[in-house]
Amino acid sequence: MSFDATYKEKKLKSVGTRPLRPDGVDKVTGRARYGADFNMPGQLVARVLRSPHAHARIMRIDVSRAVALKGVKAVITAADLPDLTNGNAALYAILDNCMARTKAFYDGHAVAAVAAIDAKVAREALKLIEVEYDVLPHVVDVDAAMAPDAPLLDENLFTQGIDPAPTTPSNVGNRSEFGHGDVESGFAKADVIVERSYKTEQTHQGYIEPHACVASCNVDGTAEMWVCTQGHFVYRQTCADLLGLEVSKLRVTSSEIGGGFGGKTHVWAEPLALALSRKAGRPVKLVMSREEVFRASGPTSQTSIDVKIGATKDGKITAALATLRYSSGPYADSWAETGAMTSFACYDLENVKTVGFEVIVNRPKVAAYRAPSAPMAAFAVESAIDELAHKIGMDSVELRIKNAASEGSRSSYGPIYGPIGIGPTLEAARTHPHMSAPLGKNQGRGMACGFWFNFGGQTCTDLNISADGTVTLAVGTVDVGGSRASLSLIAAEELGISYDDVKAVIADTSTLGYNDMTDGSRGTFSSSMATISAARNAIVTMRERAALMWDIPVEDVAWEEGHAKAVGASYDNRAPLSVKDIAAEAGNTGGPIAGHSELVADGAGVSFGTHICDVEVDPETGATRVIRYTVIQDAGKAVHPAYVEGQYQGGAAQGIGWALNEEYVYGADGRLQNPGFLDYRIPVCSDLPMIDTQILEIPNPNHPYGVRGVGETSIVPPLAAVANAVSDAVGVRMVHVPVSPPRILAALNAKAKG
Amino acid sequence: MRYERPGTIEDAVAMLAQASGRSFVLAGGTDLLVRMKSDDFDADLVVDIKAIPGMDEIAETADGFAIGAAVSCAELAENSALVSAWPGVVEAANLIGSTQIQSRCTMTGNLCNASPAADSVPALVAADARVRVIGPNGTRTISAQNIPVGPGKTSLEKGDIIDAILLARPQPRSGDAYLRFIPRTEMDIAVVGVAVNLTLGADGSVQTARVALGAVAPSVILSEEAARTLIGTKLEAAALGALEAACSAASIPIDDKRGTVAFRKQVAGVLARRAARIAYERAGGK
Ligand SMILES: Cc1cc2nc3c(=O)[nH]c(=O)nc-3n(C[C@H](O)[C@H](O)[C@H](O)COP(=O)(O)OP(=O)(O)OC[C@H]3O[C@@H](n4cnc5c(N)ncnc54)[C@H](O)[C@@H]3O)c2cc1C
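Since the structure is predicted, the reported quantities are computational estimates derived from the model, not experimental observations.

Enquirer: So what's going on with the overall build of chain A? Residues and values would help.
Expert: Across its full length, chain A holds 20 helices and 27 strands. When the backbone C-alpha atoms are referred to their principal axes, chain A occupies close to 90 × 75 × 50 Å. Across the 754 residues of chain A, 62% fall into the buried class. Contacts in chain A between residues far apart in sequence, at least 24 positions, make up 78% of those at least 6 positions apart. Just so you have it, chain A exposes about 27,100 Å², and 52% of that area is on carbon and sulfur atoms. Put simply, chain A has 69 plus and 86 minus side-chain charges, and the middle of one group is 4 Å from the middle of the other.

Structure, rendered in structure tokens:
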């Protein structure tokens, strides 16, 4: 059915209000069922054996003693997961990451798994598995991995995207390039040039809920999985591909989710749980420990980035160049490419060039993390812009305003922008009271901008109207940030009913058509579009039913404010029919009333944000406290403003943690030193000030209500905003994130020495 | 694994002494229970001492305080006599973890866990605390400083249980203080910790000093060189500078996930200077 998604301004009743969240009571009373809260009769407990080595060839695995242990029902190795990937390198990487096939590529790489009657037996069984390793030289650092003499992870990896193609293998999987104009001539026109190298350390999404699932394979070829995921349809597809199952015979139900931030868009141990269940013939529950989550799931890239920016004395940027090196774990991926695309997206540049290198290292396979790859690029670029402003002697907001992209600008990654929010967020920052708040001793202020694409994608939604006129909405995008509330508001708005009369649920993969996962800030954008379409389809039906009830032509029935109204002078005396009136008669007018929708949500509007940060640094210890923080971001339309503010604050909080303390620390042996929340330091509540937010609404022309994705952009500016503030406070340019106390103190000592 | 909750210290000692496998005393459990979840840890016997009468009491004696081994760190802060006598010890114990952790954990557990970064230990050592140990061969009193001998290792022998930490009644014109460095505001492990305990003469100059450093060596350091820099001074700039240098020099830390050698040495000096000032003011110095 054709659906007109263009934005139309209209007065809204439900959208834009702040009702209570529908999942709130369950969550605060402990009734919400997360991944580990599901159990099946006869279920076994799975545990995974992981490599203690950063890089080692697996010479031999002997599982016989584990198999013989009483209570062990299945033991699997890579041999139980035959390669069905058919030359698909990305799928092969997932397979190999789930269970090492020939080599263990990082500390924590799975090499075998067991299913046993309880956790104690499973743990005992792991100790009985003998693995003979040939330990190889390893490399964990992105720059070291690019050195000519670096240990090679893959002797058959020849960098793509280079002409002529290299004849020797390296740890660089791919080179990508974006931009336009001629940077050399642009630099020639510059009065001032800033050129620096930056580094960011690897961080984890830090979701509080570890990966967990229950898998059950039946002898008839059907299977079920209950799992904590951001995309159960995608998990279904990937698991079916890896295990050779028919997609429709694998039913996946997503649990409530305790955070994902991109880390639950990839499968980790789920295929192992299915393989164990298949072998054991019983349901298998697999819950990763916190240590396993850190060692073997989802970190972001470690990066090394060079930036060069030139400008005239009056602050017009004449050329911008960035070289970005992103680690991707042991398998080549496209993280640097994304970084290269986003680097200069905030600016309207005549001459711009970005080059990305995908670097493989002996660390876990990199996963998406909230606006993946953009925060690091923004850190480097926004630090350089800050320095440029200082060098020119211009206010850093003014400098950015002068160069900001606007409608019609050609973005550095290609497309021409429509209406966008970078200019307005900067204008809002200029006049924000935060900008003029007085700073005390040892305090500093920084600001930075950020960009994220946002995605749309495949979406399918069912809207069912019950006999009492209340509505259930079944969506297929997992609710990771409050989308059930937002989608209920949207349905209420379209149908003209109360928010309380709508109940949204996440349908499983067998009860709804395919949905892409909740990533790319697409959940509310795409599912609201499908919800609007489904509601409008239901309205078509309700008009038909009203026409039947009134026995008049359907053309004479209009839909206004939640009611069918008979139009035309002859029907004047008919009272409008509400949704409840029509629903009550449904059994007599043609049966249940529903609206369905399937669509590809195109035109997700790009999103921009500007952050301002004040810090206080103890110059004797390098301890940093964030004392004031403001997020200004374009939401297109804030459907549920409290949730939008929550997204702004959450992204800022994660970014502040990344900027100040979070990092993967590896020992000389290539083993992760801090796989736990004690030493992987995410901010605790008392570390953060109240994060102030300002929502701008520049409607997305491609959505009926103007909605843009809001979930990710907020993590893009903080690294630079915090680092710029610290640099301002201590008078030294901080170029290595996290700007932890030892790094700050070392920089201050170096400055004191001159 | 066997869990026991004896009602007398004698029973507890006997159980531990007779145990064949790996046996542990359980106080608050904030170290032990966490370790027990790890795959590389096995316990055969756990003896919970919290049901033994008197273990959860702070007794004030003629000599000072006897803090039962099951007294939670939160309870220390509720004892006003102890707070005014040993503010540095109490503030150290109340930096451990968070409110939830403090209402479970004990100073004895902190001491016996023998972590180089334990927060209450430098404060106990600066306060010259002793511990009463009850073992198969009777009762003995030893210096708290001698309990931890290296990371995770104590001088206690099979069957030994500490039943109380003993703190003397403080001298007139004395004060103690503890400061630690963590990158966050709470729920973190000390990167450096420094405790200072001073006694002043009638003229306000320092008569005795004890300076203890945590997290900068395999176990707590009581630095006599550092203490000497303060004796006879009123914490003038030169004295504080000397203290800072002495503490940095006395520190022999490692590079690890929590901090670097250079950082720890430097910050040990900074914190010593700051803690000394607080202790001096608490002792009545101006
Ligand atoms: C989240 C969290 C945060 C923490 N933060 C800090 C912190 O900031 N600073 C810090 O120093 N520590 C911290 N810790 C560690 C821990 O809380 C402390 O070391 C605490 O003081 C231990 O006391 P407990 O009573 O819980 O010890 P337990 O866990 O009961 O015991 C610890 C060890 O001491 C032995 N033991 C206990 N009592 C006796 C006794 N009477 N005689 C002989 N042996 C005994 C036990 O067998 C065990 O080996 C933290 C722990 C957690 C979980």
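Enquirer: So, the site of the ligand: which residues are in play, and what are the values?
Expert: Residues and elements named next belong to chain B. In the vicinity of the ligand, 32 residues are found, and the nearest of them are Val25, Gly29, Thr30, Asp31 and Asp119. A distance of 2.6 Å is found between an oxygen atom of the ligand and a backbone nitrogen or oxygen belonging to valine 25. Aspartate 119 is positioned such that a nitrogen or oxygen atom in its side chain is 2.7 Å from a nitrogen atom of the ligand. Protein burial of the ligand: of its 980 Å² of free accessible surface, 91% is covered by the chains. Secondary structure elements with two or more residues in the shell around the ligand: β2 (23-26), α2 (32-36), α7 (107-113) and β10 (161-168). Looking at which domains feed residues into the shell around the ligand, each of domain 1 (2-50 + 57-168) and domain 2 (174-282) supplies at least three.

Enquirer: Explain the interface of chain A and chain B to me, and be specific about the residues and the numbers.
Expert: The interface is formed by 25 residues belonging to chain A together with 24 residues belonging to chain B. Together chain A and chain B conceal approximately 2,100 Å² of surface at their shared face, both sides included; 46% is due to carbon and sulfur atoms. Counting the surface chain A buries against chain B, the share from its top three residues, Arg123, Glu620 and Arg681 of chain A, is 28%. At the boundary of chain A with chain B, the tally comes to nine salt bridges. One salt bridge connects aspartate 39 of chain B with arginine 47 of chain A, and the closest N-O pair in it is separated by 2.4 Å. Where chain A touches chain B, the interface holds 17 residue pairs in polar contact (both at pLDDT 80 or more). Those elements that provide at least two residues to the side of chain A that touches chain B are α4 (119-128) and α20 (741-753) of chain A. Per-element accounting of the side of chain A that touches chain B gives the leading share, four residues, to α20 of chain A. Looking at the side of chain A that touches chain B residue by residue, the class counts come to 10 nonpolar, six polar and nine charged.

Enquirer: Got a sec to walk through the side chain of glutamine 633 of chain A? Specific residues and values, please.
Expert: Relative to the helices and strands, glutamine 633 of chain A resides in strand β25 (residues 624-634). Its relative accessible area of 0% is what places glutamine 633 of chain A among the buried residues.

Enquirer: Quick rundown of the sheet that holds strand β22 (residues 577-578) of chain A? Include the residues and the values.
Expert: All names here are of chain A. The strand order across the open sheet built from three strands is β20-β21-β22, with neighbouring strands paired in antiparallel fashion. Of all strands in the sheet, those with a lone pairing partner are β20 (557-560) and β22, marking the two edges. Sheet topology note: the β20/strand β21 (residues 563-566) ladder contains four bridges and is antiparallel. In the strand pairing of β21, tryptophan 559 is matched with alanine 564. The strands that helix α15 (residues 523-550) touches are β20, β21 and β22; relative to β20, the one it contacts most, it runs at about 130 degrees.

Enquirer: Tell me about helix α19 (residues 718-730) of chain A, residues and numbers included.
Expert: Residues and elements named next belong to chain A. Under the 1.5 Å per step criterion, the end-to-end length of α19 is 18 Å for 13 residues, consistent within 8% with the ideal 18 Å. Across the 13 residues of α19, 12 count as buried, placing the element largely inside the fold. What α19 keeps buried is the set Pro718, Leu719, Ala720, Ala721, Val722, Ala723, Asn724, Ala725, Val726, Ser727, Ala729 and Val730. Trailing α19 by a residue or two, glycine 731 shows a phi angle of about 75 degrees, which is positive.

Enquirer: Any details on the side chain of threonine 589 of chain A? Residues and values, ideally.
Expert: Residues and elements named next belong to chain A. For threonine 589, the position within the fold is in helix α17 (residues 586-589). Overall, threonine 589 belongs to the buried group, its relative accessible area being 11%. Of note is the side chain of threonine 589, whose polar atom sits 3.2 Å from the side chain of arginine 545. The residues contacting threonine 589, other than those within four sequence positions of it, are Arg545, Leu548 and Met549.

Enquirer: Before we move on, can you summarise unusual backbone geometry with the specific residues and values?
Expert: Residue and element names in this part refer to chain A. The residue after aspartate 163, namely proline 164, is reached through a cis peptide bond having omega 0 degrees. Of note, proline 164 is situated in the loop between α5 (142-146) and β7 (172-180). For the peptide bond that leads from valine 737 to proline 738, omega is 5 degrees, which places it in the cis range. Here proline 738 lies in the loop between β27 (736-737) and α20.

Enquirer: Residues and numbers for the sheet that holds strand β17 (residues 457-465) of chain A, please.
Expert: The strands making up a sheet associate through backbone hydrogen bonding, with each pair oriented either parallel or antiparallel. Residues and elements named next belong to chain A. Ordered in space as β19-β18-β17-β23, the four strands form an open sheet in which the pairing is mixed. The two strands at the open ends of the sheet, each matched to only one other strand, are β19 (502-506) and β23 (593-601). If you compare each strand with its neighbour and ignore which way they point, the axes differ by 15 degrees on average. Inspection of the sheet shows strand β18 (residues 471-475) paired to β19 by five bridges, in the parallel sense. In the strand pairing of β19, alanine 474 is matched with valine 505.

Enquirer: Any chance you could break down the pattern of salt bridges for me, citing the residues and the numbers?
Expert: Residue and element names in this part refer to chain A. Under the criterion given, the structure shown has 63 salt bridges over all chains. Where lysine 27 meets aspartate 23, a salt bridge forms, and the shortest distance between an N and an O atom there is 2.7 Å. Overall, lysine 27 belongs to the partly exposed group, its relative accessible area being 27%. A cluster of three or more residues bridged by salt bridges with shared partners is formed by Arg21, Asp23, Lys27, Glu256, Asp479 and Arg484.

Enquirer: With reference to specific residues and values, describe the domain arrangement of chain B.
Expert: Residues and elements named next belong to chain B. Each assigned domain of chain B is listed here: domain 1 (2-50 + 57-168) and domain 2 (174-282). Its C-alpha centre places domain 1 at a distance of 24 Å from the equivalent point of domain 2. Taken residue by residue, the interface counts 24 residues in domain 1 and 22 residues in domain 2. Three residues, Pro116, Pro122 and Ala126, lead the burial of domain 1 against domain 2; their summed loss comes to 25% of the area buried on that side. Run the count over domain 1 and domain 2 and you get three salt bridges.

Enquirer: Talk me through the confidence of the model for chain B; I want residue IDs and the actual numbers.
Expert: Considering every residue of chain B, the mean pLDDT works out to 97; 100% of them sit at 70 or more. Model confidence for the complex: the whole-complex pTM is 0.97, and ipTM, which rates the interface, is 0.95.

Enquirer: Can you tell me about the packing of aromatic side chains, naming the residues and giving the values?
Expert: Residue and element names in this part refer to chain A. One pass over the structure, following the stated rule, counts 20 aromatic pairs over all chains. Aromatic side chains tyrosine 369 and tryptophan 658 sit 5.4 Å apart centroid to centroid with 10 degrees between the ring planes, which places their arrangement in the stacked category. Of this pair, tyrosine 369 sits in the loop between β15 (352-359) and α11 (374-392) while tryptophan 658 sits in helix α18 (residues 641-660), and the two are 289 residues apart along the sequence. Pairing tyrosine 417 with phenylalanine 608 gives two aromatic rings, centres 5.8 Å apart and planes at 80 degrees, and the pair type is edge-to-face. On the criterion of sequence distance, the pair formed by tyrosine 417 in the loop between α12 (396-403) and α13 (422-431) and phenylalanine 608 in strand β24 (residues 607-617) is long-range, its members being 191 residues apart. Of the two residues, tyrosine 417 and phenylalanine 608, neither departs from the other in class, the shared state being buried.

Procedures and definitions
Residues numbered from 1 in each chain as written. Chains lettered and ligands numbered in written order. Predicted model: local features only at pLDDT ≥ 70, side-chain atom pairs only at ≥ 80, totals over all residues. Heavy atoms only, no water. Helix = DSSP H or I, 4+ residues; strand = E, 2+ residues; numbered from the N terminus. Buried < 20%, exposed > 50% of the residue type's maximum accessible area, 1.4 Å probe, protein only. Contact = heavy atoms within 4.5 Å. Areas by Shrake-Rupley, 256 points an atom, 1.4 Å probe, with all protein chains shown as cover. Lys, Arg positive; Asp, Glu negative; His and termini not counted. Charge placed at Lys NZ, Arg CZ, Asp CG, Glu CD. Near = heavy atom within 4 Å. Polar contact = N/O pair within 3.5 Å; in protein donor to acceptor, adjacent residues only side chain to side chain. Domains from an automatic or database assignment. Buried area = accessible area lost by both parts, 1.4 Å probe. Salt bridge = Lys/Arg side-chain N within 4 Å of Asp/Glu carboxyl O. Nonpolar A, V, L, I, M, F, W, Y, C, P; charged D, E, K, R; others polar. Pairing = 2+ DSSP bridges. Axes fitted to C-alpha atoms, helices over the stretch in contact; angles between N-to-C directions. Expected span 1.5 Å × (residues − 1). pLDDT = per-residue confidence, 0-100. Phe/Tyr/Trp six-rings, centres within 6.5 Å; stacked < 30°, edge-to-face > 60°.

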